[in-house]
Structure formats: structure tokens, C-alpha cells
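The chain contents come next:
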Amino acid sequence: MPSLHEILAMHAPLLLLDAASTRVQVALFDAQGTARWVVADEEAGVALFRGVESLGVDLASVRGFAFCEGPGSILGIRTAAMALRTWTALAPRPVFAFRSLELVAHDLARRSPAENFSVIADARRGAWHCVKVDAGTTGPLQRVNAAALTGGLFMPENFRTWAAQPAEIKETSYDLATILPRVPGADLFRATEAPDAFLHEDPSYLTWTPRIHRAPI
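Scope of this entry: the structure provided in the associated data block. As the structure is a computational prediction, the values presented were derived from the model and not from experiment.

Taken N-terminus to C-terminus, the directions of helix 2 (residues 44–54) and helix 3 (residues 74–90) make an angle of 45°; their axes are 9 Å apart at the nearest point. Judged by the inter-axis angle, helix 2 sits oblique to helix 3. The two elements helix 2 and helix 3 meet at a crossing, and its hand is right-handed. Only Gly 76, Thr 79, Ala 80, Met 82, Ala 83 and Trp 87 of helix 3 make contact with helix 2, whose side of the interface consists of Ala 44, Gly 45, Leu 48, Phe 49 and Val 52.

Here is the structure:
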């Protein structure tokens, strides 16, 4: 997977959208990695497009897009994905997805390479999204139950929760303007032709066979 540094070398100006938390973040990067940011606490359907407008982005000049595919607010993430699908349908350009907890985990691991901890977010129904870090090595994104949350726990700020939080949890920054410059070489991005919200597995659907109602004899 490419890093932000590699993406910018080929696809700047790059427009980045993140609506995973209650604080929507929009940025326009140039080839040197310099970015202009707009951050808002409004609803994603307003904040994303107002942010692009506030930055004075000429969408025709943008050569690539990046967005957070989750975990986080499904509505916010899918709003960003819908915008990207529309813009790339009008003029095809590459889209790169990254994951919120992996980004935070890499940043914390870089700053505390000898520690073991997990970065988590509420996955509803008693489950938690989780990325474990073991002595600087970042594991895969998983979905675990509350009983599996042990050791040091961090959750990005401004992420919604529905279940009771573990007592030992610590809040950590999700300010992308600060975090991304600290991990420019981390392989956190993946190309996608169908931007959408991250799911641990594809949804399955039951089939329904229609039957004519008959009164009992």
C-alpha cells in the first residue's frame, strides 16, 4: 500500500476528506506535502462541501482524492464516498482510502515504540473496532468483544460511542493536520475504484421466495 508521500508525488494536488468523527476535516495538499485545512463540527453533508468551497478548491485541477473509509460515522463516511464517486464519474481520477484507527496506531507506535496498547472505536452491539500495537508493531484492524479489550486502550477524540466505555480508556488526538505529517512514509493508503465505508465482512442477505397466501383447508 502506498504512503501519503508516495501519493502526493504522483497525484497532487490531492483533496482529502475525513468525516469519520463528529469533527469533519478537509484538506488540499500540494506536491511538497503542504496542506490547507478546514475543520468543522457541522453535519457531514454540510461540512464536507462547505470545506471544499472554503478552500477555494477547483475540482477540475485536483489530480487525486483520499478519504477515511472508517471506522467511524457510517453516515459521514458514506457522504464523503458519495461525493468522490460523483466527482470521479465526471472526471476519472485515483481515489485512496485510509483507516482511522490504523493511522492513529501508527502515530502512537512511532512515539512510544516499546509500549503495548490498542486503539479502539465503538462498533455497536457490544463490539469494538480494535488495532493492537505490540512493541511498535501494528496489527490488523479487528472487531472484538468488550471482554477482549485489555491493556492500554486509546480512542480517537470526537468519535461517537453507544456502549459504556472501558474504565481505563484514554482519549487521543484525531487532528489529521498534526498526525499525517508525523507518518508521511507509513503504508496506510490503498487505491479503490469504489469508495465506500469500511466493513469487516461483506453483508449477507436472506432470500425471500414469494408465495401465494392460501387459507387453511
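With that out of the way, let us pick up the packing of aromatic side chains. Across all of its chains, the model carries 6 aromatic pairs by this definition. With centroids separated by 5.9 Å and ring planes inclined at 80°, the aromatic side chains of Phe 29 and Trp 37 adopt a geometry described as edge-to-face. A residue is classified by how much of its surface remains accessible, and Phe 29, at 4% relative accessible area, is buried. An aromatic cluster is built from Phe 49, Phe 65 and Trp 87, whose rings are joined through pairwise contacts.

To continue, consider the nonpolar core. The tendency in soluble globular proteins is for nonpolar side chains to be buried side by side. Ranked by internal contacts, the top residues of the largest apolar core, which has 61 residues, are Leu 15, Leu 17 and Phe 189. Those residues within four positions of Leu 17 in sequence are excluded, and the remaining contacts are Gln 25, Val 26, Leu 48, Val 52, Ala 66, Phe 67, Cys 68, Ala 80, Leu 84 and Trp 87. Residues Cys 130, Val 144, Met 155 and Ile 169 belong to the second largest nonpolar core, which totals 8 residues.

The pairing of strands in a sheet comes from backbone hydrogen bonds and takes either a parallel or an antiparallel form. Judged by pairing direction, the sheet is mixed, and its 6 strands sit side by side in the order 3-2-1-4-5-11 without closing on themselves. This sheet does not close on itself; its edge strands, each paired only once, are strand 3 (35–40) and strand 11 (190–191). The pairing of strand 5 (residues 95–99) with strand 11 spans 2 bridges and is antiparallel. In the strand pairing of strand 11, Ala 97 is matched with Arg 190. On top of the sheet, helix 3 reaches strand 1 (14–18), strand 4 (64–70) and strand 5; it is set at about 155° to strand 4, its chief contact.

On to helix 2, then. Because an α-helix packs 3.6 residues into every turn, residues spaced three or four apart end up facing the same way. Inspection of helix 2 places Ala 44, Ala 47, Leu 48, Gly 51 and Val 52 among the buried residues, and these make up the whole buried set. End-on view of helix 2: buried residues confined to an arc of 125°, all on one side of the axis. Opposite its buried face, helix 2 presents the exposed residues Glu 53 and Ser 54, each directed more than 90 degrees away. Buried residues along helix 2 sit in contact with strand 1, strand 2 (24–29), strand 3 and helix 3. Structurally, the start of helix 2 carries an N-cap: the backbone nitrogen of Gly 45 is 2.8 Å from a side-chain oxygen of Glu 43. Of the residues flanking the end of helix 2, it is Gly 56, one or two places downstream, whose phi is positive at about 70°.

According to the stated counting rule, one finds 9 salt bridges in the structure shown. Asp 196 is the salt-bridge partner of Arg 78, the closest N and O atoms lying 3.3 Å from each other. Residue Arg 78 is located in helix 3, and its partner Asp 196 is located in the segment after strand 11; the two are separated by 118 residues in the primary sequence. For Arg 78, a relative accessible area of 39% gives the class partly exposed.

With mixed pairing, 5 strands are arranged side by side in an open sheet as 8-7-6-9-10. Looking along the sheet, the strands with just one partner apiece sit at the ends: strand 8 (137–145) and strand 10 (169–172). The sheet shows a mean angle of 30° between the axes of neighbouring strands, direction not considered. Its contacts with the sheet put helix 4 (residues 100–111) on strand 6 (116–124), strand 7 (127–134), strand 8, strand 9 (152–156) and strand 10, and the angle it makes with strand 6 is roughly 165°.

Let us now look at unusual backbone geometry. Look at the link from Ala 12 to Pro 13: it is a cis peptide, with omega at 0°. Here Pro 13 is to be found in the loop between helix 1 (4–11) and strand 1. Cis peptide bonds are those with omega within 30 degrees of zero, and the linkage from Gly 70 to Pro 71 qualifies with -10°. Position of Pro 71 relative to the elements: it lies in the loop between strand 4 and helix 3. A positive phi angle, near 55°, is found at Arg 125, a position not held by glycine. Note that Arg 125 resides in the loop between strand 6 and strand 7. Its identity as a non-glycine residue notwithstanding, Ala 135 has a phi of 50°, on the positive side. If you trace the backbone, Ala 135 turns up in the loop between strand 7 and strand 8. Its relative accessible area of 44% is what places Ala 135 among the partly exposed residues.

Reading the values: the criteria
- Residues numbered from 1 in each chain as written.
- Predicted model: local features only at pLDDT ≥ 70, side-chain atom pairs only at ≥ 80, totals over all residues.
- Heavy atoms only, no water.
- Axes fitted to C-alpha atoms, helices over the stretch in contact; angles between N-to-C directions.
- Helix = DSSP H or I, 4+ residues; strand = E, 2+ residues; numbered from the N terminus.
- Parallel < 35°, antiparallel > 145°, perpendicular 65-115°, else oblique.
- Left-handed = near helix turned anticlockwise from the far one by under 90°.
- Contact = heavy atoms within 4.5 Å.
- Phe/Tyr/Trp six-rings, centres within 6.5 Å; stacked < 30°, edge-to-face > 60°.
- Buried < 20%, exposed > 50% of the residue type's maximum accessible area, 1.4 Å probe, protein only.
- Core = buried A, V, L, I, M, F, W, Y, C linked by side-chain atoms within 4.5 Å.
- Pairing = 2+ DSSP bridges.
- Arc of directions from axis to C-beta.
- Polar contact = N/O pair within 3.5 Å; in protein donor to acceptor, adjacent residues only side chain to side chain.
- Salt bridge = Lys/Arg side-chain N within 4 Å of Asp/Glu carboxyl O.

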